[in-house]
Amino acid sequence: MKYSHQREEILTIIKASQGHMSATDVYRKVKNVIPNISLGTVYRNLNALADHGFIRRIIMPHESDLYDYNIESHSHLYCLKCKQLFDLNPDVDKKMKHLVEKTTGHRITKSSVVFEGICHRCVLEEEG
């Protein structure tokens, strides 16, 4: 992948976020550094970074895709109440992968799972 100042700034922003960002979130932050950048340019660079394995694209069921600097295999929980995305323990992926392989005979090489439900904080609020 050829070097691009815009791509480098976008990667820096995602790395600093320590979380999950939409293209719009990235666009708002990168505009502070590169005022003339377009949203289309941000999308193209995010997709290029994801396609080359520098970041992870998370396809969201009811929202815009999110981007994650953590490219290690891990699943997510999307809270239907507070609309936040949470990383799940990587052991969840290992157990799911083993179960799928054992029961189907398939070999899993990569996965992207987003569970939908209510996060622990929202559950506590409902019970409280």
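I will try to describe carefully the structure that is included in this document. Treat the numbers as computed from the prediction; the structure is a model and nothing was measured.

Tallying secondary structure elements over the protein gives five helices and six strands in all. What you see in the protein, going N to C, is helices and strands ordered as α-β-α-α-β-β-β-β-α-β-α. Dimensions of the protein, computed from the C-alpha atoms along their principal axes, are close to 50 × 45 × 20 Å. In the protein, the proportion of contacts linking residues at least 24 apart, taken out of those at least 6 apart, comes to 48%. Entry remark: accessible area of the protein is about 8,500 Å², with carbon and sulfur atoms responsible for 52%.

The subject of this paragraph is the nonpolar core. The nonpolar side chains of a soluble globular protein tend to be buried with one another. Counting 16 residues, the largest nonpolar core has Ile10, Ile14, Val26, Val30, Val42, Leu46 and Ile55 as the members making the most contacts within it. Secondary structure elements with two or more residues in this core: α1 (5-17), α2 (23-30) and α3 (39-51). Excluding residues that lie within four positions of it along the chain, leucine 46 makes contacts with Ile10, Ile14, Ala23, Val26, Ile55 and Tyr67.

Here the largest pocket defines a volume of roughly 350 Å³. Around the largest pocket, the lining is made up of 13 residues, and of these Ile55, Arg56, Arg57, Lys110 and Ser111 lie nearest the centre. Contributing elements (two or more residues each) for the lining of the largest pocket: α3 and β2 (56-58). Put simply, the second largest pocket is a space of about 170 Å³. If you trace the second largest pocket, you find it lined by Ser73, Asp93, Lys94, Met96, Lys97, Val100, Ile108, Thr109, Lys110, Ser111 and Val113.

Moving on, we get to unusual backbone geometry. Despite not being glycine, glutamine 18 has its phi angle at roughly 55°, a positive value. For glutamine 18, the location among the structural elements is in the loop between α1 and β1 (20-22). By relative accessible area, glutamine 18 is classed as exposed at 71%.

Time to look at the sheet that holds β2. Strands sit in the order β1-β3-β2 across an open sheet of three strands; the sheet is antiparallel. The sheet is open, and its two borders are formed by β1 and β2, each paired with just one other strand. Taken over all neighbouring pairs, the strand axes of this sheet differ in orientation by 35° on average, direction set aside. Bridging between β1 and strand β3 (residues 66-68) involves three bridges; their strand directions are antiparallel. Its bridge partner being in β3, serine 22 is matched across the sheet by leucine 66. Relative to the sheet, α2 contacts β1 and β3, its axis offset from that of β1 by approximately 85°.

Here we take up the pattern of salt bridges. Taken as a whole and assessed by the stated rule, the structure comprises five salt bridges. A salt bridge links aspartate 51 to arginine 57, with the shortest nitrogen-to-oxygen separation between them at 3.2 Å. Overall, the relative accessible area of 59% leaves aspartate 51 in the exposed class. Relative accessible area serves as the criterion here: at 27%, arginine 57 is assigned to the partly exposed category. A salt bridge links glutamate 126 to lysine 81; the nearest nitrogen and oxygen atoms lie 3.9 Å apart. Separated by 45 residues along the polypeptide, glutamate 126 in helix α5 (residues 120-127) and lysine 81 in the loop between β4 (76-79) and β5 (85-87) bring together distant segments of the chain.

What counts as what
Residues numbered from 1 in each chain as written. Predicted model: local features only at pLDDT ≥ 70, side-chain atom pairs only at ≥ 80, totals over all residues. Heavy atoms only, no water. Helix = DSSP H or I, 4+ residues; strand = E, 2+ residues; numbered from the N terminus. Contact = heavy atoms within 4.5 Å. Areas by Shrake-Rupley, 256 points an atom, 1.4 Å probe, with all protein chains shown as cover. Core = buried A, V, L, I, M, F, W, Y, C linked by side-chain atoms within 4.5 Å. Buried < 20%, exposed > 50% of the residue type's maximum accessible area, 1.4 Å probe, protein only. 1 Å grid on protein atoms, 1.4 Å probe; cavity = no way out; pocket = protein on both sides within 12 Å on 5 of 7 lines; lining within 4 Å. Points joined across faces, edges and corners; volume = space filled by probe spheres on them. Pairing = 2+ DSSP bridges. Axes fitted to C-alpha atoms, helices over the stretch in contact; angles between N-to-C directions. Salt bridge = Lys/Arg side-chain N within 4 Å of Asp/Glu carboxyl O.

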